[in-house]
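The residues making up each chain are set out below.
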Amino acid sequence: MRLDHKYKQRRSTRLKRYDYSQAGWYFVTICTKDRECSFGEYPELMNIVLDEWNSIPNNFNNVELD
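Residues numbered from 1 in each chain as written. Predicted model: local features only at pLDDT ≥ 70, side-chain atom pairs only at ≥ 80, totals over all residues. Heavy atoms only, no water.

Draft legend 1. Fine view of the overall build of the chain. Helices and strands together make up the secondary structure of the chain, namely one helix and zero strands. When each of the 66 residues of the chain is scored for burial, the buried share is 3%. Carbon and sulfur atoms make up 52% of the accessible area of the chain, which totals about 7,500 Å². (Helix = DSSP H or I, 4+ residues; strand = E, 2+ residues; numbered from the N terminus. Buried < 20%, exposed > 50% of the residue type's maximum accessible area, 1.4 Å probe, protein only. Areas by Shrake-Rupley, 256 points an atom, 1.4 Å probe, with all protein chains shown as cover.)

Structure (structure tokens):
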């Protein structure tokens, strides 16, 4: 099955042959539509993001947030 995408396929930034299941520090980037800075303008949106972020350790046993 072929998927037609409106946008180009993004190039993966993952390292080949790197085991991402091992312990380490990982950086998370959150991009918004049109790269607008929406969180300051919409506090309810920021609350949703923070709630989801803080729930990550509840869903993944070996994850700690900094």
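Draft legend 2. Structural view of unusual backbone geometry. At Arg17, a position not held by glycine, the phi torsion is positive, near 65°. Among the secondary structure elements, Arg17 is positioned in the segment before α1 (43-59). One non-glycine residue, Arg35, lies in positive phi territory at about 55°. Looking at the element boundaries, Arg35 is found in the segment before α1. For Arg35, a relative accessible area of 75% translates into the label exposed.

Draft legend 3. Spotlight on a nonpolar patch on the surface. A surface patch of nonpolar side chains, about 510 Å² in accessible area, is lined by Val28, Ile30, Trp53, Phe60, Val63 and Leu65. Along the chain, the position of Trp53 falls in helix α1. (Patch = residues over 30% accessible without salt bridge, like charges linked within 9 Å, V, L, I, M, F, W, Y side chains within 5 Å. Salt bridge = Lys/Arg side-chain N within 4 Å of Asp/Glu carboxyl O.)

Draft legend 4. Region of the structure containing the packing of aromatic side chains. The final tally for this structure, using the stated rule, is two aromatic pairs. Geometrically, the ring pair formed by Tyr18 and Tyr20 is edge-to-face, given 4.7 Å between the ring centres and 75° between the ring planes. Measuring from ring centre to ring centre gives 6.0 Å for Tyr20 and Tyr26, while their planes differ by 40°; the resulting arrangement is tilted. For Tyr20, a relative accessible area of 28% gives the class partly exposed. The partly exposed category is assigned to Tyr26, whose relative accessible area is 41%. Linked through ring pairs, Tyr18, Tyr20 and Tyr26 together constitute an aromatic cluster. Geometry around Tyr20 places Arg14 over its ring, the cationic atom sitting 4.3 Å from the centre. (Phe/Tyr/Trp six-rings, centres within 6.5 Å; stacked < 30°, edge-to-face > 60°. Lys NZ or Arg CZ within 6 Å of the ring centre and 35° of its normal.)

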